[in-house]
Amino acid sequence: MTTTSMVSAELHTEVTLFYARHMRAMDEGRVLDWTADFTDDGVFETNVRPDPQIGRAAIANGAGGAAQKLLDDKVLRRHCLTTLDIRHGLDDVIHASSYAIIVRTPPGGPTAVEFLCTCDDELIRANEQLLIRRRSVKRDDLVFAPTLGA
Amino acid sequence: MTTTSMVSAELHTEVTLFYARHMRAMDEGRVLDWTADFTDDGVFETNVRPDPQIGRAAIANGAGGAAQKLLDDKVLRRHCLTTLDIRHGLDDVIHASSYAIIVRTPPGGPTAVEFLCTCDDELIRANEQLLIRRRSVKRDDLVFAPTLGA
Amino acid sequence: MTTTSMVSAELHTEVTLFYARHMRAMDEGRVLDWTADFTDDGVFETNVRPDPQIGRAAIANGAGGAAQKLLDDKVLRRHCLTTLDIRHGLDDVIHASSYAIIVRTPPGGPTAVEFLCTCDDELIRANEQLLIRRRSVKRDDLVFAPTLGA
């Protein structure tokens, strides 16, 4: 549920730069930096897995293996964030929605779109920093298809 | 024709979020929400068709069929907005130009770039809301090729 | 080296629109407009070439041939800027980092991702305008591969 109050230019800037840094952390294999953007009890749900991951440790565990595999294979993967929407919710929650184009490059190329995710986050502010308390990621290629690994 | 006055951070935020919501409306098949972002007498011209569509009803009619076809086929199509420029024009018109990467996903994938559009809009403000009074969309694949359906 | 001071909404707007215009200048074949965004002694280094280009004239020379080839071949190429990060550095330098998805369309299509570049710029302000004094561009497909033309 969101309210209709205007999003300030300061918040727009803060959220935009938050994501630019958050996405780079993952793309550069800095999983702990990436995970630090979640609350301790953050929830990560995705249509890739049947159950959500709950808590920063579980989220880090889920992301770490995939990140290491990319590093080992020298595959570069970029989360290209576009079409970011921001809305105020109740209780100072900030809703941020984006389209992430996942662009994948093996050594020497070719570069290609691997998939597209919609990402819907609930952000809160703690110690003057934004943190993700709930993330819902949906890969478009799985919306109308069986879940991977199910 | 544009003036050289600076674009404020507030306007940048407003226009950016306007497009994030406008593009989602189309991508989620909410054609009436999308059409509501045009003025009653809005003009939509594109290099896909020889004649412009004039008026909100004509614009809705043009977009509705394509949107329904995608829903029927369970194809997800995202207008990924990038490289947004904003300029002040005469008479309080705001010129907004963007690159929209159209990313298409059939059920189960694969996801691919379908085409790229440049979008040049004239925005005006009415009842504190931004509205599109004129849109010019060009698909890059048709710029140097025969018009589709001509 | 960067400081931790907050990026203002005004600077975020200015840098975002700077890149929207800068990228369009190149994509539309206006090489001199594009080159004018560098300082006279600007440095352009990339993993496509072994040596950096130093000075606006050398940078223009390097870009002009490629731009003319695209115009001759009627190929449209768009630098789709995403995931822009901005940080304050020492001595009023502004560090701006982005992911540019290079989307290429030959006449009639098909449109495809050609490659992805990470772009790390040092911006300074001169006569109230932003200028690039150093650019480091890396094509992802060349990071783990031999340099083109080496």
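Preceding block: the structure.
Quick caveat: nothing in here was measured; it's all calculated off a predicted structure.

Undergrad: Help me understand the interface of chain B and chain C, please; the structure alone is not making it clear to me.
TA: Where interface size is given, it is often the accessible area lost as the parts come together that is meant. Listed as interface residues are 24 residues of chain B and, on the opposing side, 26 residues of chain C. Between chain B and chain C, the buried area comes to about 2100 Å², and carbon and sulfur atoms account for 64% of it. Put simply, chain B and chain C have 2 salt bridges between them. One salt bridge connects Asp 140 of chain B with Arg 78 of chain C, and the closest N-O pair in it is separated by 2.8 Å. In this structure, the connection of chain B to chain C is made through 9 residue pairs in polar contact (both at pLDDT 80 or more). For the side of chain B that touches chain C, the elements supplying multiple residues, two or more each, are helix H1 (9–27), strand E3 (76–88), strand E4 (94–105), strand E5 (112–126) and helix H4 (140–143) of chain B. Among the elements that line the side of chain B that touches chain C, the one with the most residues is E3 of chain B, at 6 residues.

Undergrad: Before we go on, may I ask you to explain the relation of the copies chain B and chain C in this structure?
TA: Put simply, the second copy of the chain is the first one after a rotation about an axis and a shift along it. Least-squares fitting of chain B to chain C yields an RMSD of 0.0 Å, with the superposition described by an axial translation of 0.0 Å and a rotation of 120 degrees. In symmetry terms, the pair is related by a three-fold rotation axis. Across chain B, the rotation axis passes nearest the C-alpha of Ala 9 of chain B, at a separation of 3.2 Å.

Undergrad: Explain the state of the cysteines here, please?
TA: Put plainly, a disulfide is one covalent bond tying together the sulfur atoms of two cysteines. The final tally for this structure, using the stated rule, is 0 disulfides over all chains. Left without a disulfide partner, Cys 117 of chain A is nearest to the cysteine sulfur of Cys 119 of chain A, which lies 7.8 Å away. Judged by relative accessible area, Cys 117 of chain A falls into the buried class, the value being 9%. Here Cys 80 of chain C is not cross-linked by a disulfide; its sulfur's nearest cysteine counterpart is in Cys 80 of chain B, at 9.6 Å.

Undergrad: Just checking my understanding: could you explain the pattern of salt bridges for this structure?
TA: Oppositely charged side chains may form a pair once their charged atoms are brought near each other. Within this structure, the stated rule accounts for 39 salt bridges over all chains. Between Asp 141 of chain B and Arg 139 of chain B there is a salt bridge, with the nearest N and O atoms lying 2.7 Å from each other. By relative accessible area, Arg 139 of chain B is classed as buried at 15%. Here Asp 40 of chain C and Arg 56 of chain C are joined by a salt bridge, their closest N and O atoms 3.3 Å apart. A residue pair is termed long-range when its members are at least 10 positions apart, and Asp 40 of chain C in strand E1 (residues 38–46) and Arg 56 of chain C in helix H3 (residues 56–73) qualify at 16 residues. Taking relative accessible area as the criterion, Arg 56 of chain C reaches 28% and is therefore assigned partly exposed. Here the residues in one salt-bridge network are Arg 21 of chain A together with Asp 85 and Arg 87 of chain C, joined through shared partners.

Undergrad: Explain helix H3 (residues 56–73) of chain A to me, please; I cannot follow it from the model alone.
TA: One full turn of an α-helix is made of 3.6 residues, so residues set three or four places apart face in the same direction. Residue and element names in this part refer to chain A. With 18 residues, H3 should cover 26 Å at 1.5 Å per step; its first-to-last C-alpha distance of 26 Å lies within 8% of that length. Every buried residue of H3 is listed here: Ile 59, Ala 60, Ala 63 and Ala 67. Each element contacted by the buried residues of H3 is listed here: helix H1 (9–27), helix H2 (31–35), strand E1 (38–46) and strand E2 (53–54). Phi turns positive, to about 55 degrees, at Lys 74, one or two residues after H3.

Undergrad: I'm lost on the interface of chain A and chain B in this one. Help?
TA: Contact with chain A, which involves 24 residues of that partner, is made by 26 residues of chain B. At the boundary of chain A with chain B, total buried surface from both sides reaches about 2100 Å², with 65% on carbon and sulfur atoms. Our count for the contact surface shared by chain A and chain B stands at 2 salt bridges. Among the ionic pairs, Arg 21 of chain B bridges to Asp 85 of chain A, the shortest N-O distance being 2.8 Å. If you look at where chain A meets chain B, you find 9 residue pairs in polar contact (both at pLDDT 80 or more). Secondary-structure elements contributing two or more residues to the side of chain A that touches chain B are H1, strand E3 (76–88), strand E4 (94–105), strand E5 (112–126) and helix H4 (140–143) of chain A.

Analysis parameters
Residues numbered from 1 in each chain as written. Chains lettered and ligands numbered in written order. Predicted model: local features only at pLDDT ≥ 70, side-chain atom pairs only at ≥ 80, totals over all residues. Heavy atoms only, no water. Contact = heavy atoms within 4.5 Å. Buried area = accessible area lost by both parts, 1.4 Å probe. Salt bridge = Lys/Arg side-chain N within 4 Å of Asp/Glu carboxyl O. Polar contact = N/O pair within 3.5 Å; in protein donor to acceptor, adjacent residues only side chain to side chain. Helix = DSSP H or I, 4+ residues; strand = E, 2+ residues; numbered from the N terminus. Least-squares fit on C-alpha atoms with pLDDT ≥ 70 in both. Disulfide = S-S within 2.5 Å. Buried < 20%, exposed > 50% of the residue type's maximum accessible area, 1.4 Å probe, protein only. Expected span 1.5 Å × (residues − 1).

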